[in-house]
Amino acid sequence: MAPSGAHAPYAGTRTPRVEDLRLLTGTGTYVDDVARPGMLHAHFVRSPLARARILGIDTSEALQLDGVQAVFVAEDLNPAVHEQWYTLNGRDDPDTPRPPLAEGEVRFAGDPVAMVVAVDRYVAEDAAELVFVDYEPLPPVVDYASALGSPESVHAAYPDNLVGQLGGRPMSDLDPVFANAPHVVSQTIHQQSHGPVPMETRGIVAEWQAAGAEMAIWSATQSPHEVRAFCARLLGIDEHRVRVVMRDTGGGFGQKVLPQREDMCVMLAATRLPAALKWIEDRQEHLLAAGQARHEHGEARMAFDEDGRILAATLDHVQDAGAYPTPSPVQSGIAVGMLFPGPYRIPEGTFSSRFVFSNTSGRVAYRGPWQFESMAREVLLDSAGRQLGLDPVELRRRNMLSADDLPTVNCNGMPYDHMSPRETFEQALTMLDYDAFRKEQARAREAGRYLGVGTCTYVEPTAGATPFHATEGATLRIEPSGKVNVYVAGGSCGNSLETTVVQLTADALGVAVEDVSTVQGDTAVTPYGAGTGGSRSGSMTAGAIAETAGALRERILAIAAHRLEVPVEEVEFTRGRATAKGNEAVLTLAEIADIAYYQVHALPPGVPAGLEASGRYHTPHLMIWANATHLCTCEVDLVTGEVTLQRYIVSEDCGPMINPSVVEGQIFGGTVQGIGGALYEHLAYDDEGNPVATTFMDYLLPTATEVPVIEVGHVETPSPGPGGYKGVGEGGAIGSAPAVVNAVADALAPLGVRVDRLPLTPARIVELVERAQGVTAP
């Protein structure tokens with residue numbers, strides 16, 4: 001809310017992004033732009049095998065190369081680890097193995113075995129070729145789906161390859177419902193491994209000051225305070241002796257929330273070197289070892305009555321954890337089952353999730369890491385509609401929750417409130433003119449063209465109250481000049497948190513947006529915060545700024561009233577200027593600041609000197625719910641297997657928008673990632689665990705050529721949180737892939753095609769068509 005008597009609020013306007021001038025003119029500061037005196041560079045020696053025993057490592061020849069400063073192996077760094085748990089997991093949460101360097105055995109192709117330190121990256125890479133590792137190959141566990149029955153173990157401490165499992169009530173409890181239901185539909189869908197692939201790869205600079213036992217870190221991260229805490233635990237030093245700085249980060253998408261093994265190596269090695277140490281990941285390393293996501297499958301089942309209303313739903317889910325998942329997938333994976341009911345009335349349901357090790361790169365968080373719940377549910381609903389003889393849209397209408405049905409609790413115990421699934425669904429259909437499209441589709445089929453339409457409606461938990469995410473702080477300081485600085489933890493990596501904070505602060509104080517700047521990403525000066533993750537930044541930061549700005553604004557009004565000699569309630573303060581009815585005097589914020597800092601004798605009684613304040617917001621809400629509907633139309637060429645996306649529509653409910661341009665940018669970016677996951681991207685391995693997609697020649701990404709104009713509609717249901725705001729960062733990547741898959745499946749429905757495996761590459765579509773037509777490969 002804008003202060004009483006203030007100008008029209010900046011929140012809700014398309015205020016230009018304050019970071020764009022810096023970024024678009026190439027003057028941003030990324031980790032690779034950081035230069036320190038005498039800085040050294042790191043490069044990793046990585047395993048060429050998916051699984052092998054390490055019999056020996058010879059570093060002698062590498063050490064003789066001019067410019068090489070050190071070569072570290074596991075026995076050098078691993079014993080120096082003090083603690084390595086993540087705040088997100090907690091000290092006592094069971095976690096998976098995570099040695100800095102491979103010790104005794106390598107567990108995926110790309111596993112770091114040694115780290116070379118040299119005067120520059122070129123020398124380090126040359127030296128890495130001179131490190132000789134004697135491997136004894138072992139049978140790899142490549143297929144996670146069969147790993148639970150494998151005689152081979154990825155980790156000796158987990159002989160059955162099971163990381164962990166969780167679930168709801170026993171599946172057998174629902175057997176009577178399914179046995180007596182008029183209709184039962186089941187479908188197993190396999191989602192392929194793919195990753196966040198940010199524009200900027202991972203990177204870190206660590207500089208150790210031995211005299212004070214202090215560490216300075218520059219990091220490409222979404223959570224600088226977590227990097228700080230992790231480093232302090234890792235080295236066994238006090239947290240206040242670690243300073244982490246993040247400036248610009250070129251994308252994170254969940255992958256950069258938590259430090260990974262290479263970051264650990266740099267932190268540990270820096271304590272043994274005479275200068276700062278830099279590691280910047282190249283793209284091949286990134287696709288090889290930065291982590292994978294989305295690799296999972298599940299059997300979804302639904303029971304329906306005669307009218308197509310859902311009676312029960314279950315999901316039997318299995319997820320690939322890779323060799324070294326970050327963080328533990330068991331903790332984050334519970335959301336898959338809990339959210340599987342989605343935005344539908346489902347009286348009874350349950351789920352089972354298992355998380356399995358494999359000799360592939362570790363699973364990492366990726367924008368809506370529970371996304372498989374929507375993939376399994378929405379693909380099943382389309383199949384169910386066809387099996388029941390109902391249009392998938394009509395089937396959803398009979399079962400979907402609307403705003404009037406809330407609050408409620410889904411069948412797996414998740415409480416829902418303050419959202420509008422049915423409303424976004426209907427808006428998206430109206431934007432398309434669904435009935436007109438179905439007529440166009442029928443005409444096209446008569447002409448031999450195959451058009452399809454698919455939807456996905458999902459619910460998204462944002463700003464959750466888990467211990468790591470439950471609070472956020474802000475510090476506001478009005479300088480003697482009257483200009484405003486707002487300090488927040490940061491973690492902005494393309495999501496425009498800078499602009500968001502500036503707009504919120506300008507509104508909360510009643511000053512001009514051009515008079516506000518923000519300082520983020522420096523743990524030495526910013527209040528503690530969890531950073532960017534869980535679609536939390538907008539809502540939580542809004543709460544922190546509101547908590548802080550209220551007290552500071554009261555102080556401003558008190559000083560102005562005292563100087564203007566009027567009661568406080570008669571002061572109007574807008575765009576940094578204080579006035580009062582019947583008084584021609586105007587007092588600027590600069591003049592008020594001058595009184596606060598330099599004329600303390602003129603302050604009203606009880607008002608302290610200075611104009612700065614700190615505050616912390618603690619959310620009382622378990623989570624804040626956003627929701628959306630994605631709708632896609634496409635044409636499929638049966639001969640080539642090419643999918644051409646025609647229209648793409650998103651109806652989003654993220655509450656009031658702080659900045660519509662930022663909101664839509666988040667939707668666009670996530671949607672494109674989901675399109676890539678449905679049609680193009682695949683971190684594929686061969687049967688021996690060799691990665692076959694380590695360049696952008698092999699790992700395909702959607703470009704502007706493949707992506708249509710994304711049309712956005714908004715439904716506004718305010719949340720119970722600060723400003724009514726909700727998160728919007730992850731939703732685009734959740735709803736897009738299922739919508740695209742359903743559009744392709746709808747296009748091919750007349751042929752009897754059923755989609756069960758992704759990505760839907762041209763070769764796979766041709767295979768599906770030929771299988772449906774009874775054509776066998778020669």
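In this text, all values refer to a predicted model and were calculated from it rather than measured experimentally. (Residues numbered from 1 in each chain as written. Predicted model: local features only at pLDDT ≥ 70, side-chain atom pairs only at ≥ 80, totals over all residues. Heavy atoms only, no water.)

1. Observations concerning the confidence of the model for the protein chain
Inclusion rule: Residue-level confidence of the predictor, termed pLDDT, takes values from 0 up to 100. Should any heavy atoms of two residues lie within 4.5 Å, those residues are considered in contact.
For the protein chain, per-residue confidence averages 96 on the pLDDT scale, and residues scoring 70 or more make up 99% of the total. Overall, residues 1-6 carries pLDDT values under 50, and its contacts beyond four positions in sequence, including any with other chains, amount to twelve contacts.

2. Describing the packing of aromatic side chains
Spelled out, the test is: Any two rings among Phe, Tyr and Trp, with Trp reduced to its six-membered ring, count as a pair given centres within 6.5 Å; such a pair is stacked if its planes are under 30 degrees apart, edge-to-face if over 60, and tilted if neither. Counting from the N terminus, the helices are the DSSP runs of H or I reaching at least four residues and the strands are the DSSP runs of E reaching at least two. Only protein chains enter the calculation, and the probe is 1.4 Å; a residue is then buried if its accessible area is under 20% of its type maximum, exposed if over 50%, and partly exposed in between. Whether a charge lies above a ring is judged from NZ of Lys or CZ of Arg, which has to be within 6 Å of the ring centre and within 35 degrees of the ring normal.
Under the criterion given, the structure shown has six aromatic pairs. Between the aromatic rings of Tyr158 and Phe357, the centroid separation amounts to 4.9 Å while the plane-to-plane angle is 75°, which identifies the pairing as edge-to-face. Here Tyr158, found in the loop between β6 (132-137) and β7 (162-167), pairs with Phe357, found in strand β15 (residues 348-357); they are 199 residues apart in sequence, far enough to count as distant. Considered together, Tyr158 and Phe357 belong to a single accessibility category, that of buried residues. Arg261 extends its terminal NZ or CZ atom over the ring of Tyr324, reaching a point 4.0 Å from the ring centre. Above the plane of the ring of Tyr366 lies Arg294, whose end atom (NZ or CZ) is 4.4 Å from the centre.

3. Describing helix α12 (residues 421-432)
Applied cut-off: Each helix should span, by expectation, one fewer than its residue count multiplied by 1.5 Å. Starting at the helix axis, one direction is taken to each C-beta atom, and the arc is that of these directions.
Here α12 is twelve residues long and its end C-alpha atoms lie 17 Å apart, about the 16 Å a rise of 1.5 Å per residue gives. Where α12 is concerned, the buried positions are Pro421, Thr424, Phe425, Ala428, Leu429 and Leu432. When α12 is viewed along its axis, its buried side chains cluster within an angular range of 135° and face the same direction. Considering only its buried residues, α12 is in contact with α11 (392-397), α13 (434-446), β18 (450-462), β26 (624-636) and β27 (643-653).

4. Quick notes on the sheet that holds strand β24 (residues 583-588)
Put simply, the test is: Pairing between two strands is assigned when DSSP locates at least 2 bridges connecting them. Axis geometry follows a simple rule: fit a line to the C-alpha atoms, using only the stretch in contact for helices, then measure angles between N-to-C directions, giving values from 0 to 180 degrees.
The strand order across the open sheet built from three strands is β22-β23-β24, with neighbouring strands paired in antiparallel fashion. Either end of the sheet is taken by a strand with one partner, and the two such strands are β22 (571-574) and β24. With direction set aside, neighbouring strand axes in the sheet form an average angle of 20°. Direction of pairing for β22 relative to strand β23 (residues 577-580): antiparallel, over a ladder of four bridges. Of the residues in β23, the one forming a bridge with Phe573 is Ala578. Of the strands in this sheet, β22, β23 and β24 touch helix α15 (residues 537-564), which is tilted by about 125° from β22.

5. What to know about helix α9 (residues 329-339)
Note: α-helices contain 3.6 residues per turn, so residues at a spacing of three or four share the same orientation. Counting buried residues in α9 gives eight out of eleven residues, a clear majority hidden from the surface. Burial in α9 covers these residues: Pro329, Val330, Gly333, Ala335, Val336, Gly337, Met338 and Leu339. Buried residues along α9 sit against β7, β14 (310-322), β15, α10 (372-388), β18 and β26.

6. A few points about the sheet that holds strand β20 (residues 484-488)
Spatial strand order, β21-β20-β19-β25: four strands in an open sheet with mixed pairing. In this open sheet, the two strands that pair with only one neighbour each are β21 (516-520) and β25 (612-618). Along the sheet, successive strands turn relative to each other by an average axial angle of 20°, direction set aside. Sitting on the sheet, helix α14 (residues 497-509) touches β19 (471-478), β20 and β21, and the angle it makes with β21 is about 130°.

7. Quick look at the pattern of salt bridges
Side-chain pairs of opposite charge can arise where the charged atoms are in close proximity. Stated formally: Salt bridges are identified by distance alone: a Lys or Arg side-chain nitrogen within 4 Å of an Asp or Glu carboxyl oxygen.
Counting across every chain of the model gives 46 salt bridges. Of the charged contacts, one joins Arg261 and Asp111 as a salt bridge, the two residues approaching to 2.9 Å between their closest N and O atoms. Remark: Asp111 occurs in the loop between β4 (105-106) and β5 (112-118) and Arg261 occurs in helix α7 (residues 261-270); sequence separation between them is 150 residues. Across the pair, Asp111 and Arg261 agree in class, each one buried.

8. Some words on the nonpolar core
Stated precisely, the cut-off is as follows: Residue types Ala, Val, Leu, Ile, Met, Phe, Trp, Tyr and Cys, when buried and joined through side-chain atoms within 4.5 Å, form a set referred to as a nonpolar core.
By size, the foremost hydrophobic cluster in this structure holds 106 residues, and its most contacted members are Phe304, Leu679 and Leu760. In terms of residue count, the dominant contributor to this core is helix α18 (residues 731-748) (ten residues). One finds Val516, Ala544, Ala560 and Leu589 within the second-largest nonpolar core, a separate group that totals 50 residues.

9. Here we look at the pairing of β21
Alternating positions in β21 separate cleanly, Val516, Thr518 and Gln520 being buried on one face and Ser517 and Val519 remaining unburied on the opposite face. Direction of pairing for β20 relative to β21: parallel, over a ladder of five bridges. Paired with Val484 across the strands is Val516, a residue of β21.

10. Regarding the environment of Arg575
Spelled out, the test is: For the purposes of these results, a polar contact is taken to be a pair of N or O atoms within 3.5 Å, where, inside protein, one atom must be able to donate a hydrogen and its partner to accept one; residues adjacent in sequence count only when each atom of the pair is a side-chain atom.
Take Arg575: it is sitting in the loop between β22 and β23. Distance in space between the C-alpha atoms of Arg575 and Pro99 is 54 Å, their sequence separation being 476 residues. A polar contact is formed between the side chain of Arg575 and the side chain of Glu514, at a distance of 2.9 Å.

11. Focus on the environment of Leu683
Along the chain, the position of Leu683 falls in the loop between α17 (660-679) and β28 (710-714). Separated by 351 residues in sequence, Leu683 and Ser332 place their C-alpha atoms 21 Å apart. In contact with Leu683, other than residues within four places in its own chain, are Ser193, His194, Gly195, Leu287, Gly291, Gln292, Ala693 and Tyr699.

12. What about the side chain of Glu226?
Relative to the helices and strands, Glu226 resides in helix α6 (residues 224-235). Accessibility expressed as a relative area gives 0% for Glu226, which makes it buried. Setting aside anything within four residues of it in sequence, one finds Glu226 in contact with Tyr86, Thr87, Arg233, Val257, Leu258, Pro259 and Phe468.

13. Things to note about the environment of Phe437
Following the sequence through the fold, Phe437 ends up in helix α13. Since its relative accessible area comes to 4%, Phe437 is described here as buried. With 137 residues separating them in the primary sequence, Phe437 and Thr574 have C-alpha atoms 50 Å apart. Contact partners of Phe437, with chain neighbours within four places excluded, come to Leu432, Leu451, Gly452, Val453 and Thr633.

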